[in-house]
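Residue strings, one per chain:
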Amino acid sequence: MPIDKKLSSNHYPYYWSLFKKKMKKVLCSRDQVNLKCVLLGGQSFRWKETDPDEYSGVFAGGFWVLKQNDDHIAYKRVPATDLDEKMLSNYLRMDEPLDAYYKEWSICDPIFKKSAERFKGIRMLKQEPVENILSFICSSNNNITRISSMVEKMCTLYGKKIDGTNYYAFPSIETLIGQEVEDDLKAAKFGYRAKFIRQTAEKMFELGSNIWIDKLRNMNYDSAKKELMLLPGVGPKVADCICLMSLEHLEAVPVDTHVFQIARDNYLPHLKKYKTVTQPVYNEIGDCFRKIFKKNAGWAHTVLFLDDLKNFKQLEKHDDSSNGKPVAKRKKKY
C-alpha cells in the first residue's frame, strides 16, 4: 500500500504501524532539535504534524517521517538508502554546535537569553535552493496554510512521484519553463505568483541553474542578495530568506512585521515613529541584528521571531481559560 498523504495512526493504524516498525534512530535531545518549531515555524512548507510529536514531509527526493522523543529522533525515509542518517543530519544542521551558539548569543543579548530559555533546539534547515526560492515566491502576502497548499500543488503538477508513496518531489527548474506552466498555475489559483514562478524558473535556467546557485553560495552575502533580487517576484525579504535558509549566508535577516515590532520594542525605539517598514528601516534592522549576533545573525533572529509568534501557531487550538472553550489560534502572515 502506498504511503498516502492522509496516512497516520488515526486513519490506517495497521499499515501505519507496519510502516513505522523499522524506523531508525539518531541520538538527539529535544533541547538540541525542536522539530515542531523547526519544521512548522515557516522555514519549509512541506511538513505536517501527523500525530503528536510526529511529522511527515518531503526533502532530498524522499518522503520522511520523523518522531520526536526525549533522547532521540526516530526516522524513516521512502525510498530508504544508506545515506538517510547523513541526509537528515545535514538537513537539520545537527553538526552545528547549538549550545555554543546559544551561549554566545545569550552573552551578547539579554533579550535573546530570555527567548532562548523558552525556545530551545531551534536550528536553521539546510534547504535545497530551487525549492526554497520558488516556495518563498509563493509566500508573498500569504499565510503558511495556503503557502503549503500551493507548494504541494506545484509538486503534484510538475514533480516526480516518489516511489512507494503518493507524494511528489519538488519540480526541477526545467519542468517549470513555458507559458503553459503559468496558465496551469493560474488555473490552480496561484494568482500573480504564477507569472513570477514561470519567469523565475526561466531566468534561473538562463543563468545556468545549479552552476549559478553555486556561485551565489560562494559570493559574499550582499552580492548574493542583489543577484537574487534580479529574479521576478524576489524582493529584499524573500532574498534574505533564501540567503539564510539555503545559500549558507547565515547573517541574512529577513524583516517582516513581527521582526519590525521586535526591533522597535527592544532594540531601536526610535522606529516607533514609523508605521511601515521602509527600505532604510529594513536595512537598519538587519544591520542592528548583525552588529549584535555577528555571522549567525539570521539564525539568532529566528529564535526571537519564533518567540514573538508563540501565540500565533497556525492550525492549532488551545483552551481559552476564560470560558474553557477551544478557540482557533491566528494564522501567521508572511
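In case you missed it, the structure is sitting above this.
Note that the structure is a prediction, hence the values are computed from the model and not measured.

Student: Kindly report on the sheet that holds strand E4 (residues 62-68), identifying the contributing residues and their values.
Tutor: Reading across the sheet, the five strands line up as E1-E5-E4-E3-E2 and stay open at both edges, with antiparallel pairing between neighbours. Each end of this open sheet is capped by a strand with a single partner; those strands are strand E1 (24-27) and strand E2 (47-51). On average, each strand axis in the sheet is tilted by 30° relative to the strand beside it, whichever way the strands run. The pairing of E1 with strand E5 (residues 72-78) spans four bridges and is antiparallel. Bridge assignment links Lys25 to a residue of E5, and that residue is Ala74. Here helix H3 (residues 84-91) sits on the sheet in contact with E1, E2, strand E3 (54-59), E4 and E5, set at roughly 115° to E5.

Student: Can you explain the environment of Arg146? Please cite residues and give values.
Tutor: Summarising the element assignment, Arg146 is placed in helix H7 (residues 144-158). In this structure, Arg146 is in contact with Lys189 and Arg193, ignoring residues within four places of it in sequence. Only 2.9 Å separates the side chain of Arg146 from the backbone oxygen of Lys189, close enough to count as a polar contact.

Student: Let's hear about the pairing of E4: which residues, and what values?
Tutor: Here E4 lies mainly inside the structure; six of its seven residues are buried. Both E4 and E5 contribute to a ladder of six bridges, which runs antiparallel. Bridge pairing in E5 places Val65 opposite Lys76. What sits between E4 and E5 in their antiparallel hairpin is a turn of three residues.

Student: Please give an account of the packing of helix H13 (residues 257-266) against helix H15 (residues 297-308) that cites residues and values.
Tutor: To describe two helices that pack against each other, one gives the angle between their axes and the distance between the axes. Running from N to C, H13 and H15 cross one another at 100°; their axes reach a closest spacing of 10 Å. In terms of axis orientation, H13 runs roughly perpendicular to H15. Across from His258, Val259, Gln261 and Ile262 in H13, the residues of H15 making contact are His301, Leu304, Phe305 and Asp308. Split by residue class, the contact of H13 with H15 holds four nonpolar, three polar and one charged.

Student: I'd like to hear about the nonpolar core, residue by residue, with values.
Tutor: A general trend in soluble globular proteins is that nonpolar side chains are found buried together. Counting residues in hydrophobic clusters, the biggest one holds 76 residues, and the most contacted among them are Phe112, Leu228, Ile285, Phe289 and Phe293. Ranked by size, the runner-up nonpolar core spans 18 residues in total, among them Val33, Leu39, Trp64 and Leu92.

Student: Give me the packing of helix H4 (residues 98-108) against H15: which residues, what numbers.
Tutor: Where H4 contacts H15, the two axes come as close as 11 Å, and the packing angle between them is 80°. Relative to H15, the element H4 is oriented roughly perpendicular. Across from Leu98, Tyr101, Tyr102 and Trp105 in H4, the residues of H15 making contact are Trp299, Ala300 and Val303. Its residues placed into classes, the contact of H4 with H15 shows seven nonpolar, no polar and no charged.

Student: Which residues make up the packing of aromatic side chains, and what values do they have?
Tutor: Inspection of every chain in the model, using the stated rule, returns 17 aromatic pairs. Look at Trp105 and Trp299: their rings are 6.2 Å apart centre to centre, the planes differ by 55°, and that puts the pair in the tilted class. Residue Trp105 is located in helix H4, and its partner Trp299 is located in helix H15; the two are separated by 194 residues in the primary sequence. Per residue, the accessibility class of Trp105 equals that of Trp299, and both read buried. Here the aromatic cluster, defined as three or more aromatic residues joined through ring pairs, consists of Tyr101, Tyr102, Trp105, Phe112, Tyr267, Phe289, Phe293 and Trp299.

What counts, and at which threshold
Residues numbered from 1 in each chain as written. Predicted model: local features only at pLDDT ≥ 70, side-chain atom pairs only at ≥ 80, totals over all residues. Heavy atoms only, no water. Pairing = 2+ DSSP bridges. Helix = DSSP H or I, 4+ residues; strand = E, 2+ residues; numbered from the N terminus. Axes fitted to C-alpha atoms, helices over the stretch in contact; angles between N-to-C directions. Contact = heavy atoms within 4.5 Å. Polar contact = N/O pair within 3.5 Å; in protein donor to acceptor, adjacent residues only side chain to side chain. Buried < 20%, exposed > 50% of the residue type's maximum accessible area, 1.4 Å probe, protein only. Parallel < 35°, antiparallel > 145°, perpendicular 65-115°, else oblique. Nonpolar A, V, L, I, M, F, W, Y, C, P; charged D, E, K, R; others polar. Core = buried A, V, L, I, M, F, W, Y, C linked by side-chain atoms within 4.5 Å. Phe/Tyr/Trp six-rings, centres within 6.5 Å; stacked < 30°, edge-to-face > 60°.

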